[in-house]
Structures are given as C-alpha cells and as structure tokens.
Amino acid sequence: MDLIIIFIGAALINNFVLSYFLGICPFIGVSSKISSAISMGLAVIFVMTITSIVSWLINHLILIPYHLEFLTIPSFILVIASLVQFVEMVIKKVSSAIYRALGIFLPLITTNCAILGLALFAQMRDYTLIESIFFALGAGSGFTLALVIMAGIREELELANVPEPFQGAPITLIVAGLLALTFMGFAGII
Amino acid sequence: MKKILQIILVLTFTASISGFVLSSVNNWAKPFIEENRIKAISKAIFQVQSEGKKYEKLNINEMEVFKVFDENDKTIGYAVVNQGNGFQGTIKLIFGINEELNRIKAIEILEQVETPGLGSLITEDNFKNRFKNLNTQPLIQVVKGKLPSNDNEVQAITGATISSKAVVRIVNEAVEKLKKHNGIEK
Amino acid sequence: MKKQVSLHYEFLKGLWEINPIFKQILGMCPTLAVTVSAINGLAMGLATTFVLIFSSVIISSIRKIVPNQVRIATFILIISTFVTIVDLVMKAKFPELSKALGPFIPLIVVNCLILGRAEAFASKNNILRSFLDAFGNGTGFLIALLILGSIRELLGTRCIFGFQILPDGFSTLMVMILPAGAFLTLGLLLGFTNAYTKWKKEKSKKEILITN
C-alpha cells in the first residue's frame, strides 16, 4: 500500500515537473510533438529506474559504510552520465529503429535535472530499494504524463494565433503554469 | 597508446585532486554542520518544554524521543518527534508531553509543505496554542466549526480540516507508541 | 583567426545579449524553484556564479591537455567538486538558507548553464576571457533571479527581502508563491523581453531605411 502511495505521490501530487520544477529544459524543448514526448518520456522512465537502483547501491554499499556522503554529488552524476552513455550503446545495438527515433534526446537526459533530483530525493528520504524503484517509476510516469499533455496542447497551439514574442518558450511556460494549477487538484487524494 | 595513457592520467589526476579537495572541505565543515544540527534540535525541544534545561535521547524504535529535565535534574516530561502524511506531503512535528503521558505541553511544526494560506496555518500560534494543556486520555479528537467542549478536543482550522486532522493523528500515534512502551525504558 | 572582441564585451554580453535566462533559456529548473523570495534568488544566483566562475577558470586552464573523449566527464567532475564545496559551506555557515534552497544547490551541477558555457566558451578560450564570460553570465543569471524573486515575493507577500513595500490593503496573489505562479511570471517576463528585443530590432531597421 505504501508503495502505491509513493508511486501516486511522485506521479501526480508532487509531479516532478509541475511541483518540483525538475526536468524543465526537456519539458520546454521536447514537448512540441506528442510522438517525441512519448519517446523522451519512456527513455526517462527507463533511465530513472536504473539510476534509482544503482544510486541506492552506491549509497548503501559505499557512501554510508565508509562515511563518504560528501562524495554524493560527483558519484551520482558520474553514474548517470555513464548510464546514459551505456543505455545509448545498448539501444543502438538492440534496435536501431528506436535509436533513430530517440535521436538527440538520449544524451540530453544526462543534464535532465529530474534524474539527479530523483537520486538525491530518494537518498534524502532514506527510501529502501523497493521504495526507490516505485518512486522512480512514479516520477518518470509523472514526467511523461506532463510532457505528453503539454505536447498535446502545443500541437493545438500551432493552429492558434500566438503573438510572435510569446511563441515558443513564453507560451509554453504560461501553459505549464495553468497545468500546474490543475495538478494542484490532486492534493489530498491519498 | 599515448592517447589512452593521456586519458587515464587526466581522469585519475582530476578525480584525485577532486577527492582531496572535497575531503578537506568536508573535514572543515563537519563540526559546524553537527553544531547546527544540535542547535536546531535543542531549540525545538526547549520550545515545547519551556521549563526544560537538559535533555537525553532515548532509544525507542522509529521515533525520536527525548527525556527532558529541569535544572535540578528532575524529569519534567518528554519531547517527541514524529511525522506523517499531511494533505500535500509529510508533516514533521515535535511536541512536549508530561511524564504521565496525559497532558500535551506544546507542539511545534518542524516541516510541512501544506497549501500556503490554508494548511500552512498549522504553523501559526493560533493553531498551535490549541494544543496547550491538551488531555490525551482519551485520545485527542478534532472538532469542526465549533469550540471544543472537552479538554481533549482541538478545533480544526477552517478550510484546512485535513491538515488539522493530520497533525492530531501524528500526535496521537506518537502518544500511543510511547504509552505502549510502558514506563519508557532507556 | 578569430575576431578579437573587447574584454568589456566578454563580461557585458552575459548581462543582456546572451542572458542565460532571458535569451539562452538555460537553467530553468532552479530559476522557477527558488525564486519564491528575493533573498533565495540572490543566494542561488551567488552560488551558481561561484561555481560558474571557478569551473570555467579551471576548465579553461586545462583545456589543452584534456583529451576529447573524456571532455564531458572531466568537466562534470570539476563542476560537481565546486558544487559540493558550495553545498558543504552553506550547510556549515548558512543552515537556514541551505534548508530553504534544499536540493537545488546540488542540482547546480546539472544546470545546463554551467556545462553549456564550459562547452561553448571555457574549453576554447583563455583564462581571462573565460573568467569574464563566466562572471558576466553568472551576473546576468543573478539579475534575472533577483527580478523574478522580487516580483513573486512582492505580489505574494507584499514584501521584498522581508521588508514590506505594498500597503496592507493590497490583496496578495497567493498563486505567486506556488509553482503555477513561477511558470506564469517567467512566461510573461520572457514574452515581454522578446517583445522588447523585437521592437528594438524593428526600430533600428527603420532607422537604417530612413537614413538611406
């Protein structure tokens, strides 16, 4: 039951993008088409889940036992960078179709603050391995959800008459603001 | 071959310097960070046990419990830290309770992310004062829309029932756990 | 042979022309998250500028000996070292601010601004220019954070830096302190700065036409 709460909490109530402001760069950059939003979202869910496992292991097998907590930031970010590199290689070998579909998005995931944020939050809240995994799945799904909704809205916006200075990032941010307001309605469902 | 050697050298060199610098800064910072932590928890404990002068941490499974003494080393009660789900996130609070575990002295909210202007009002004196001298036997109850008629009742904040109920629930849970510990062994 | 720009320009360009937030649209995450008040914006701006300057200077000084393949890894290692230093110093000497800014101090390491400037500038220019570039970009970032933080704090709590500015009769816009308010304010600000840039361009175009 607790695991479900962690999942829903990360996906809806404290949505990583709309409540914690993590993952904004790809949010603005990749959300113009629903298809790319879905691809990015799935890649993020995958990287997040693996990151949560590896960072938990590093934390509990190395950092805590040897009192090396001050090395958290460099070790986590190096893990994420290597993981993304590794995932890119694997996807390239396994399915070049998916690789081509994701294109430039894959390396961009490294600087996605949502991934590092996820690892840091899980460490701060002292989650167990299983809790971290559910947290990652929830956070990734929430990110994907916000991204896909945003892409849907932006595809419609293409046909609307947005004043030129507001096209692109400004109108996306304003729409995100309205989305954030809506998501506030999820508070209190658990 | 030279390229690979260069790569290994640069990475190892950078990592070593980085590790060295960080462990030095960490050693410098550690005492300050510990001092800050102790200052913060002392402040919270003496806020909810205003006659307290000293305290001692007890070993009670998942809760932080402190036995509080006055300047003559006489026990005046406990300070208990507990947390739980609020409306929008986790609420962490500390409360002072007497030795017999039937009267709350005071509560302080340590961490909360409730709705600003509504749930966040649990940090205001108006709400916190409702817990002063509260009876915990029977357990604390929440009343809505009217003043409490019994000394174990707390009136909820208008428009923030869930946050108010959460605070009461968190306090009750802690009191229950403490009572079960029966006589509080160290 | 690259055209040599003046040293003043290396610094000044970061303030407006390539302002990280208003023009480059980098470093959004901390911008939206910490600007609930002017002081938080200021603290974050200073922390980021510190990391930016030191990382850029170090990266620039070793740019000729870092092999291309491990460029990113080395940069990230250097940046994360300085971020950890800032984090530890804040926890030790400014615990309240550290708690207020929370996880966003460690997140400076993935602030696309820092890696972005390292890639685009520090790895290709000498130390003095890299320092000025970092200083300028950091200051531009800081100014943008201050503006955003002040607006949100003013409209949300009637105060700036804790000093009450607006009269008590002014009804506060609670939404300003919430995430939604952050998005809306930044979106509107970006729209207006774009409009201003566009207006300036049209104006100078018109002036060229008239003088011809």
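### Some thoughts on the overall build of chain A
So, step 1. Scanning chain A for helices and strands turns up 9 helices and 0 strands.
So, step 2. The order of α-helices and β-strands along chain A, N terminus first, is α-α-α-α-α-α-α-α-α.
So, step 3. In terms of C-alpha radius of gyration, chain A reaches 17 Å, essentially the compact-globule figure of 16 Å for 190 residues.
So, step 4. For chain A, the spread of C-alpha atoms along the principal axes amounts to about 60 × 45 × 30 Å.
So, step 5. Residue burial in chain A is summarised as follows: out of 190 residues, 47% are buried.
So, step 6. Considering only contacts within chain A whose residues lie at least 6 apart along the sequence, 81% involve residues at least 24 apart.

### Re the overall build of chain B
So, step 1. Within chain B, the regular secondary structure consists of 3 helices and 8 strands.
So, step 2. When the helices and strands of chain B are placed in sequence order, the string is α-β-β-β-β-β-α-β-β-β-α.
So, step 3. Here chain B has a C-alpha radius of gyration of 23 Å; the compact-globule value for 186 residues is 16 Å, and the former is much larger.
So, step 4. Each principal axis of the C-alpha distribution contributes one length, and for chain B these read about 85 × 45 × 25 Å.
So, step 5. Taken over 186 residues, chain B has a buried fraction of 28%.

### Overview of the packing of helix H3 (residues 38–61) of chain C against helix H6 (residues 112–122) of chain C
Residue and element names in this part refer to chain C.
So, step 1. Between H3 and H6, whose axes approach to 10 Å, the crossing angle comes to 35°. In this structure, H3 crosses over H6, and the sense of that crossing is right-handed. Residues Val51, Leu52, Ser55, Ser56, Ile59 and Ser60 of H3 touch H6, and the partners they reach there are Ile114, Arg117, Ala118 and Ala122.
So, step 2. Its residues assigned to classes, the contact of H3 with H6 comprises 6 nonpolar, 3 polar and 1 charged.

### Remarks on the sheet that holds strand E6 (residues 134–135) of chain B
Residue and element names in this part refer to chain B.
So, step 1. Taken in spatial order, the 6 strands make up an open sheet running E1-E2-E3-E4-E5-E6, and their pairing is antiparallel. Because the sheet does not close on itself, it has two edges, and the strands there are strand E1 (54–60) and E6.
So, step 2. Looking at chain direction, E1 and strand E2 (residues 63–69) are connected through 7 bridges and run antiparallel. The residue bridging Lys57 from the neighbouring strand is Phe66, located in E2.

### Some remarks on the environment of Ala136 of chain A
Residues and elements named next belong to chain A.
So, step 1. Tracing the backbone shows Ala136 in helix H8 (residues 129–157).
So, step 2. A tally of 30 C-beta atoms within 10 Å means that Ala136 is categorised as buried.
So, step 3. Sequence spacing of Ala136 and Leu179 is 43 residues, and the spatial spacing of their C-alpha atoms is 22 Å.
So, step 4. Aside from chain neighbours lying at most four places away, what touches Ala136 is Met48, Thr49, Ser52 and Leu118.

### Overview of the interface of chain C and chain A
So, step 1. Opposite the 33 residues of chain C that make contact, chain A presents 32 residues.
So, step 2. Secondary-structure elements contributing two or more residues to the side of chain C that touches chain A are helix H2 (28–34), helix H4 (71–93), H6 and helix H8 (179–211) of chain C.
So, step 3. Looking at which element gives the most residues to the side of chain C that touches chain A, the answer is H8 of chain C, with 12 residues.
So, step 4. Its residues assigned to classes, the side of chain C that touches chain A comprises 26 nonpolar, 6 polar and 1 charged.

### Notes on the confidence of the model for chain A
So, step 1. Residues with a pLDDT of 70 or more make up 92% of chain A, whose mean pLDDT is 83.
So, step 2. Of all secondary-structure elements in chain A, the lowest mean pLDDT belongs to helix H6 (residues 105–108) of chain A, at 69, while H8 of chain A reaches the highest, 90.

### Concerning the interface of chain B and chain A
So, step 1. Opposite the 8 residues of chain B that make contact, chain A presents 8 residues.
So, step 2. Among the elements that take part in the side of chain B that touches chain A, helix H1 (residues 2–48) of chain B stands out by supplying 3 residues, more than any other.
So, step 3. Among the residues making up the side of chain B that touches chain A, the classes are represented as 3 nonpolar, 5 polar and no charged.

### A closer look at H1 of chain B
So, step 1. Taking 1.5 Å per residue, 47 residues should reach 69 Å; H1 of chain B reaches 66 Å between its end C-alpha atoms and fits that length.
So, step 2. For H1 of chain B, the secondary structure elements touched by its buried residues are E1, E2, strand E3 (75–85), strand E4 (90–97) and strand E5 (103–111) of chain B together with H4 of chain C.

### Some details on the pairing of E4 of chain B
Residues and elements named next belong to chain B.
So, step 1. By the criterion of burial, E4 is predominantly enclosed, with 6 of the 8 residues buried.
So, step 2. Both E3 and E4 contribute to a ladder of 8 bridges, which runs antiparallel. In the strand pairing of E4, Val80 is matched with Phe95.
So, step 3. The turn linking E3 back onto E4 is made up of 4 residues.
So, step 4. Linking two consecutive strands that pair antiparallel, namely E4 and E5, is a turn of 5 residues; a positive phi of about 65° is found at Leu101 within it.

### Details of the nonpolar core
Side chains of nonpolar character tend, in soluble globular proteins, to be buried together.
So, step 1. Residues Leu116 of chain A, Phe95 of chain B together with Ile79 and Phe183 of chain C are the most contacted members of the largest nonpolar core, which totals 152 residues.
So, step 2. A total of 12 residues in this core trace back to one element, the largest contributor, which is H4 of chain C.
So, step 3. Beyond its immediate sequence surroundings of up to four residues, Leu116 of chain A is in contact with Phe76, Ile77 and Ile80 of chain A together with Leu107 and Val110 of chain C.

### Focus: unusual backbone geometry
So, step 1. Following Gln137 of chain B, the chain continues to Pro138 of chain B via a peptide bond in cis, the omega torsion being 10°.
So, step 2. Along the chain, Pro138 of chain B turns up in the loop between E6 and strand E7 (141–143).
So, step 3. Phi angles above zero are rare outside glycine, and Asp126 of chain A is one such case at about 60°.
So, step 4. Take Asp126 of chain A: it is sitting in the loop between helix H7 (113–124) and H8.
So, step 5. Judged by the 9 C-beta atoms lying within 10 Å of it, Asp126 of chain A is exposed.
So, step 6. Within the chain, Asn133 of chain B stands out as a residue other than glycine whose phi angle is a positive 65°.

### Here's the deal with helix H7 (residues 127–157) of chain C
All names here are of chain C.
So, step 1. Taking 1.5 Å as the rise per residue, H7 with 31 residues should run 45 Å; its terminal C-alpha atoms sit 43 Å apart, in good agreement.
So, step 2. In terms of residue burial, H7 counts as a mostly covered element, since 22 of its 31 residues are buried.
So, step 3. Looking at the residues trailing H7, positive phi occurs at Arg158, about 70°.

### Quick notes on the packing of helix H4 (residues 72–94) of chain A against H7 of chain A
All names here are of chain A.
So, step 1. Where H4 meets H7, the axes come as close as 10 Å, and the angle between the chain directions of the two elements is 135°. Judged by the angle between their axes, H4 and H7 are oblique. In the crossing of H4 with H7, the sense of the turn from one axis to the other is right-handed. On the side of H4, the interface is formed by Thr72, Phe76, Ile77 and Ile80, while H7 contributes Ile115, Leu116, Ala119 and Gln123.

About the cut-offs
Residues numbered from 1 in each chain as written. Chains lettered and ligands numbered in written order. Predicted model: local features only at pLDDT ≥ 70, side-chain atom pairs only at ≥ 80, totals over all residues. Helix = DSSP H or I, 4+ residues; strand = E, 2+ residues; numbered from the N terminus. Rg over C-alpha atoms; globule rule 2.2 N^0.38 Å. Buried ≥ 20, exposed ≤ 12 C-beta atoms within 10 Å, placed from the backbone. Contact = placed C-beta atoms within 7 Å. Axes fitted to C-alpha atoms, helices over the stretch in contact; angles between N-to-C directions. Left-handed = near helix turned anticlockwise from the far one by under 90°. Nonpolar A, V, L, I, M, F, W, Y, C, P; charged D, E, K, R; others polar. Pairing = 2+ DSSP bridges. pLDDT = per-residue confidence, 0-100. Expected span 1.5 Å × (residues − 1). Core = buried A, V, L, I, M, F, W, Y, C linked by C-beta atoms within 7 Å. Parallel < 35°, antiparallel > 145°, perpendicular 65-115°, else oblique.

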